[in-house]
Structure formats: C-alpha cells, structure tokens
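Each chain, written out:
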Amino acid sequence: MQEAIPYRRIATNGGGGAAAAGSRVKGMRNLVSETPVVVLGRRGCCMCHVVKRLLLGLGVNPAVCEVDDDGEEAAAVEEMAAAEPLGGSRPPPPQFPAVFIGGRHVGGIDRLMAAHISGDLVPILKDAGALWL
C-alpha cells in the first residue's frame, strides 16, 4: 500500500534579484492555476499547520508552498493580490496562510474556517475537483 504524502514543498530558486522574484511569481501562478488546492504560508507557521490539518482531515491533499525570505514573501503577496477572489468579493489585504481553491483566492484561515463551519467548504472543494465524495 502506498504511503500518502501530506504535503509537498515547492522548490524555489536560490538567490535574489528581480529576475528570481519574477520567476517565483510565474511559478506560483502556474501552481495555483494547475492545482486544485494550494496553501501559501511562512515556514513553521502554526496557522499554516492548522489549515493543512483541516484540509487533510477533509480528505484533500493540498500543495503547500512555504516562503522563507522577504523575496519569496513579496512574490507570494504579489500572487495573492493578482488572484481572482472566490465569491466575487475582494478579500482583505494579503495574509498568511493564504488558501487558493480552484485557482481562486479564498483568503486566510479565518475565511477558510468560516466556510467550513457554514458548510460551504466541501461543495467548493468538490467544484474545484479536490474532493470526490
């Protein structure tokens, strides 16, 4: 029986500069558009861990991108600002962890938990193709 991998870490190119930051943004945009559920967070963040555990508990295997330095964080914030919001309403300014479902920015842990408590999260995950029930 195969062992499930709870999350995958997205490798980023070392070094700084505008070219490296631009390639990170493009990589994150590709990841968000191609993967049903993506979680962006700071390395070691307890709230990122809570988001991952909630999604894993629902049967979803999210792609996790952990940022380390200011260059990666700036690229992630740029990606969040450019993403289409879920439900048409613009979420508050970018925060970590950021959750993308079906290529749309859901928001942070507060909005994810609100959707889970209200019962809206499972249908959103089904529509994105991340959950089969």
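As a reminder, the structure under discussion sits directly above these lines.
In this report, we go over the structure that sits alongside the text. (Residues numbered from 1 in each chain as written. Predicted model: local features only at pLDDT ≥ 70, side-chain atom pairs only at ≥ 80, totals over all residues. Heavy atoms only, no water.)

Moving on to the nonpolar core. Note on soluble globular proteins: their nonpolar side chains tend to be buried together. Grouped together as the largest cluster of nonpolar side chains are 18 residues, with contacts concentrated most on I101 and L125. Listed by contribution, the elements that provide at least two residues to this core are β2 (37-42), α2 (46-57), β5 (98-101), α4 (109-118) and α5 (121-128). Counting residues per element, this core draws most heavily on α2, at four residues. With residues up to four places along the chain from it excluded, the contact list for I101 reads P36, V37, V106, L112, L121, I124, L125 and A128. In this structure, V32, V67, A76 and F100 belong to the second largest nonpolar core, which totals 13 residues. (Core = buried A, V, L, I, M, F, W, Y, C linked by side-chain atoms within 4.5 Å. Buried < 20%, exposed > 50% of the residue type's maximum accessible area, 1.4 Å probe, protein only. Helix = DSSP H or I, 4+ residues; strand = E, 2+ residues; numbered from the N terminus. Contact = heavy atoms within 4.5 Å.)

Before going further, it helps to spend a moment on the pairing of β5. A two-sided burial pattern is seen for β5, the buried positions comprising A98 and F100 on one face and V99 and I101 on the other. Sheet topology places β2 next to β5; four bridges connect them, and they run antiparallel. In the strand pairing of β5, V38 is matched with F100. In this sheet, strand β6 (residues 104-107) lies alongside β5 in antiparallel orientation, the contact comprising three bridges. Each residue of the ladder has a partner; that of V99, found in β6, is G107. The turn joining β5 and β6, which pair antiparallel and follow one another in sequence, is formed by two residues; a positive phi near 65 degrees is taken by G102. (Pairing = 2+ DSSP bridges.)

The next point concerns the pattern of salt bridges. The full count for this structure, using the stated rule, is two salt bridges. With its nearest N and O atoms 3.6 Å apart, the salt bridge here joins E66 to K52. Of this pair, E66 sits in strand β3 (residues 63-67) while K52 is found in helix α2, placing the two residues 14 residues apart along the sequence. A relative accessible area of 9% places E66 in the buried class. Residue K52 is classed as buried on the basis of its relative accessible area of 9%. Via salt bridges that share partners, R43, K52 and E66 belong to a single interconnected network. (Salt bridge = Lys/Arg side-chain N within 4 Å of Asp/Glu carboxyl O.)

Treat this as a map of the structure, not an account of what it does.
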